[in-house]
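The residues making up each chain are set out below.
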Amino acid sequence: MTAPDREPGMRERIAVACRVMAARGLADGILGHISVRTGADEVLVRCRGPRERGLAWTEPADVHAVGLDGAPKHPDGLGGWSVPNELPLHLETLRARPDVTAVAHAHPPAVVAADLAGIAIRPIVGAFDIPGARLAAGGVPVHPRGVLIRSRRLAGEMVRSLGDRPVVVLRGHGLTSTGATPEEAVLRALSVDGIARLALAVRAAGGVLADLPEEDLAELPDLGGSFNLEVAWRHETTRLAAVPP
């Protein structure tokens, strides 16, 4: 039994966003989770189910409400589900960042490999991925500890590494991405993953990575949320339906 949605449909949106993360290779198997703040002291988060099938098969029933203290919001508890071990990663980010509504945690292999190879996420692309170029130009910090972020203390360290940026790379681990919506958080993670893949390919081909010139960055237009988010997400959900797990 689940508590009623404060924001109707959000459980479904979180489930779809989890499935997109899996389909795009951002997290494998049972790894990865997404949370959304739905009230002053309520967070919906993808939990571990009694019949766990993995991220690619996430359903709305896998999403449950907890408070910022991590306690279940429904009087009957989680009904057999359990919160992810790294729930503190979500809760501490939401506590520290009132501008953030959604948090996505994933394990993209290319992001991990690029960081371990000493390759930072930099604005090496321009019109290829305009939102990604802008995100990278602002800087993508790295959290230097490859630990499971399962306590408030460890999560607080990660949040300090994140600072005021939308995404932080977790060394030897993955990334944490934030946004105003679960869709935005996942799309930002996809941009970081895309840049990491390109950077690894350039290095493998013997090339030298170089940031896009400032004058080129200045020329990149803001195509608006309807293009950057709505159309991009429509593509992801259509792609998901066409290529089932």
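Please refer to the structure placed before this passage.
Residues numbered from 1 in each chain as written. Predicted model: local features only at pLDDT ≥ 70, side-chain atom pairs only at ≥ 80, totals over all residues. Heavy atoms only, no water.

Residues of helix α5 (residues 152-162) that are buried: Leu154, Ala155, Gly156, Glu157, Met158, Val159 and Leu162. If you follow the buried residues of α5, they end up packed against α2 (87-96), β5 (142-143), β6 (167-170) and β7 (174-179). Phi turns positive, to about 60°, at Gly163, one or two residues after α5. (Buried < 20%, exposed > 50% of the residue type's maximum accessible area, 1.4 Å probe, protein only. Helix = DSSP H or I, 4+ residues; strand = E, 2+ residues; numbered from the N terminus. Contact = heavy atoms within 4.5 Å.)

All right, on to the pattern of salt bridges then. Two side chains bearing opposite charge may form a pair once their charged atoms approach each other closely. Across all of its chains, the model carries 15 salt bridges by this definition. A salt bridge links Asp41 to Lys73, with the nearest nitrogen and oxygen atoms 3.4 Å apart. Of the two residues, Asp41 sits in the loop between β1 (33-39) and β2 (42-46) while Lys73 sits in the loop between β3 (63-66) and α2, which places them 32 residues apart along the sequence. Glu184 is the salt-bridge partner of Arg188, the closest N and O atoms lying 3.5 Å from each other. A residue pair is termed a helical-turn pair when its members lie 3 or 4 positions apart in one helix, as Arg188 and Glu184 do in helix α6 (residues 182-204) at 4 residues. Judged by relative accessible area, which is 24%, Arg188 ranks as partly exposed. When salt bridges that share partners are traced, they join Glu92, Arg95 and Arg152 into one network. (Salt bridge = Lys/Arg side-chain N within 4 Å of Asp/Glu carboxyl O.)

A separate point is the side chain of Ser35. Position of Ser35 relative to the elements: it lies in strand β1. Every residue in contact with Ser35, bar those within four places of it in the chain, is listed here: Val43, Leu44, Val45, His90, Leu94, Thr101, Ala102 and Val103.

Moving on, we get to the side chain of His74. The topology assignment puts His74 in the loop between β3 and α2. Engagement of the side chain of His74 in a polar contact is seen with the backbone nitrogen of Asp76, the distance being 3.0 Å. (Polar contact = N/O pair within 3.5 Å; in protein donor to acceptor, adjacent residues only side chain to side chain.)

Spatially, 7 strands are ordered β3-β2-β1-β4-β7-β6-β5 in an open sheet, and the strand pairing comes out mixed. Each edge of the sheet is formed by a strand with only one pairing partner; in this case those strands are β3 and β5. Looking at chain direction, β5 and β6 are connected through 2 bridges and run parallel. Residue pairing in the sheet places His143 in a bridge with Leu170 of β6. (Pairing = 2+ DSSP bridges.)

Our focus in this paragraph is the layout of surface pockets. Approximately 890 Å³ is the volume attributed to the largest pocket. Together, 33 residues line the largest pocket, and Asp129, Pro131, Gly132, Ser191 and Asn228 are the ones closest to its centre. Mapped by element, the contributors of at least two residues to the lining of the largest pocket are α4 (130-137), α6 and α8 (225-242). Counting residues per element, the lining of the largest pocket draws most heavily on α6, at 10 residues. Of the residues that constitute the lining of the largest pocket, the class distribution is 16 nonpolar, 7 polar and 10 charged. (1 Å grid on protein atoms, 1.4 Å probe; cavity = no way out; pocket = protein on both sides within 12 Å on 5 of 7 lines; lining within 4 Å. Points joined across faces, edges and corners; volume = space filled by probe spheres on them. Nonpolar A, V, L, I, M, F, W, Y, C, P; charged D, E, K, R; others polar.)

Among the surface-exposed residues, Glu214, Glu215, Asp216 and Glu219 lie close enough to one another that they form a single negatively charged patch. With respect to the helices and strands, the residue Asp216 is situated in helix α7 (residues 214-219). (Patch = residues over 30% accessible without salt bridge, like charges linked within 9 Å, V, L, I, M, F, W, Y side chains within 5 Å. Areas by Shrake-Rupley, 256 points an atom, 1.4 Å probe, with all protein chains shown as cover. Lys, Arg positive; Asp, Glu negative; His and termini not counted. Charge placed at Lys NZ, Arg CZ, Asp CG, Glu CD.)

A cluster of nonpolar side chains, Leu223, Phe227 and Val231, forms an exposed patch at the surface whose accessible area comes to about 250 Å². Note on placement: Val231 falls in helix α8.

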